[in-house]
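Report on the structure
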Amino acid sequence: MPFLGTATGWSVRTKLLVAFMGSSLLTLAIAAIGWVALTQAERVTDQLSQQAMPVMSAAVALADASAGLAAIAPVIVTADAAPPLARIADELSEREGDLRRSLEGFFAADSASPTPSGPWRDRISGTAQDVAGELRSLVRARRTILDLRIRMLQQKDLYTSAKSNLALWQTKLVQSASGLRGPATAADPAAAVLALGLAAEEAARLVNATLSAFAVDHLNDIEQAEAAYVTSSVALTGRVARLLDLGFPAETLEKAFGALTSTHTEIFDLRREMLLAEQTMGGTLARTARQSAALIEQVSA
């Protein structure tokens, strides 16, 4: 009896060996194909990384510089003296330089990439220039406000001093009232003291109307304060004329009341300028915030 399998030519062992070798070769072929594909994918990934990483790094640096530039706006607005504002202006210049260098680095990396941004870069550059320009305007507006504040404080000190001196000169005028020789005083000696008291009351109202200019926050309030001052000033002029008729020395009256009517226009004008400057600064700050947000959004896109 012939051996089983000789009828077909191959034995079962041979068939199994061939099947095993075939599957092994197929596995090796699949592994080779996978290795080649993986190698190619890795090569492509490396190429993409090498091309994208400079742009990504430059974009991160640009985003940081943009955020740093935008963050200086609140610092400018809260500067309460000229020296700190000068240091802030210097820091603004430094941050502008950082942003400019970051833009240049980003544009260089983007130009070298396979897919340059094109017009998008121009939008970023334009927005960055707008932000820097608004921040410089913000510094100028804040400097104007600080200068006006200094001038107003000088005027406030002048009026506060005049108000304090008024009591002193009023005492001297009262003391001199008994020695007056004016015709009106001879007819009614008590009229001198009464007229002096009325003038002092009017002077106090004038001072209060003037000092109120420092506390108002609207242009309409400035107009009202100035109108109250004009009314008191006219009334005080009449009171002082009455004191002259009563025989009070013109020189003493000038020392007592003259300083109160010498600089009122400047005080109201200064406060008016300050309110306008504050409005300008508020508008500039709002534009800076919008443009800063746009810049950061464009850079992060």
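Just so you know, these numbers come straight off a predicted model, no measurement behind them. (Residues numbered from 1 in each chain as written. Predicted model: local features only at pLDDT ≥ 70, side-chain atom pairs only at ≥ 80, totals over all residues. Heavy atoms only, no water.)

Along the backbone of the protein chain there are nine helices and zero strands. Starting at the N terminus and ending at the C terminus, the protein chain contains elements arranged as α-α-α-α-α-α-α-α-α. Here the analysis covers contacts within the protein chain between residues at least 6 apart in sequence; of these, 83% occur between residues at least 24 apart. Counting every atom, the protein chain has about 17,400 Å² of accessible surface; 62% of that belongs to carbon and sulfur. (Helix = DSSP H or I, 4+ residues; strand = E, 2+ residues; numbered from the N terminus. Contact = heavy atoms within 4.5 Å. Areas by Shrake-Rupley, 256 points an atom, 1.4 Å probe, with all protein chains shown as cover.)

One pair of aromatic rings is described through two measures. These are the centre distance and the angle between the planes. The final tally for this structure, using the stated rule, is one aromatic pair. Aromatic side chains Tyr229 and Phe268 sit 5.8 Å apart centroid to centroid with 65° between the ring planes, which places their arrangement in the edge-to-face category. Placement of Tyr229 in helix α7 (residues 219-245) and of Phe268 in helix α9 (residues 264-300) is noted, with a sequence separation of 39 residues between them. What makes Phe268 buried here is its relative accessible area of 0%. (Phe/Tyr/Trp six-rings, centres within 6.5 Å; stacked < 30°, edge-to-face > 60°. Buried < 20%, exposed > 50% of the residue type's maximum accessible area, 1.4 Å probe, protein only.)

Right, let's talk about the pattern of salt bridges for a bit. A full pass over the atoms with the stated rule returns eleven salt bridges. The salt bridge involving Arg271 is made with Asp217; its shortest N-O contact spans 3.5 Å. Placement of the pair is Arg271 in helix α9 and Asp217 in the loop between α6 (189-211) and α7, with a sequence separation of 54 residues. The exposure class assigned to Arg271 is buried, which follows from its relative accessible area of 6%. The class of Asp217 is exposed, set by a relative accessible area of 55%. In this structure, Glu251 and Lys255 form a salt bridge, with 3.5 Å as the shortest nitrogen-oxygen distance. Of the two residues, Glu251 and Lys255 both sit in helix α8 (residues 250-257), four residues apart, roughly one turn of that helix. (Salt bridge = Lys/Arg side-chain N within 4 Å of Asp/Glu carboxyl O.)

To continue, consider the packing of α7 against α8. With their axes 10 Å apart at the nearest point, α7 and α8 run at an angle of 155° to one another. On the basis of their axis angle, the class for α7 and α8 is roughly antiparallel. Both α7 and α8 take part in a crossing whose hand is right-handed. Touching Leu236, Val240, Leu243 and Leu244 of α7 are Ala250, Leu253 and Phe257, all from α8. Partitioned by chemical class, the residues of the contact of α7 with α8 number seven nonpolar, no polar and no charged. (Axes fitted to C-alpha atoms, helices over the stretch in contact; angles between N-to-C directions. Parallel < 35°, antiparallel > 145°, perpendicular 65-115°, else oblique. Left-handed = near helix turned anticlockwise from the far one by under 90°. Nonpolar A, V, L, I, M, F, W, Y, C, P; charged D, E, K, R; others polar.)

Nonpolar side chains collect at one region of the surface, where Leu17, Phe20 and Met21 lie side by side and expose about 340 Å² of accessible area between them. Within the element layout of this structure, Leu17 appears in helix α1 (residues 12-70). (Patch = residues over 30% accessible without salt bridge, like charges linked within 9 Å, V, L, I, M, F, W, Y side chains within 5 Å.)

Another aspect to go through is α7. Along an α-helix, a turn takes 3.6 residues, which lines up residues three or four apart on a common side. Compared with an ideal rise of 1.5 Å per residue, which puts 27 residues at 39 Å, α7 spans 39 Å between its outermost C-alpha atoms and is within 8% of the ideal. When α7 is considered as a whole, its buried residues turn out to be Ile222, Ala225, Glu226, Tyr229, Ser232, Ser233, Leu236, Val240 and Leu243. Residue Gly247 follows α7 closely and has a positive phi angle near 100°. (Expected span 1.5 Å × (residues − 1).)

Moving on: the nonpolar core. Nonpolar side chains tend to gather and get buried jointly when the protein is soluble and globular. In this structure, Ile76, Leu99, Leu135, Leu243, Phe248 and Phe257 are the most contacted members of the largest nonpolar core, which totals 65 residues. When contributions to this core are tallied by element, the ones reaching two or more residues are α1, α2 (72-77), α3 (82-112), α4 (119-177), α6, α7, α8 and α9. Top contributing element to this core by residue count: α4, with 17 residues. (Core = buried A, V, L, I, M, F, W, Y, C linked by side-chain atoms within 4.5 Å.)

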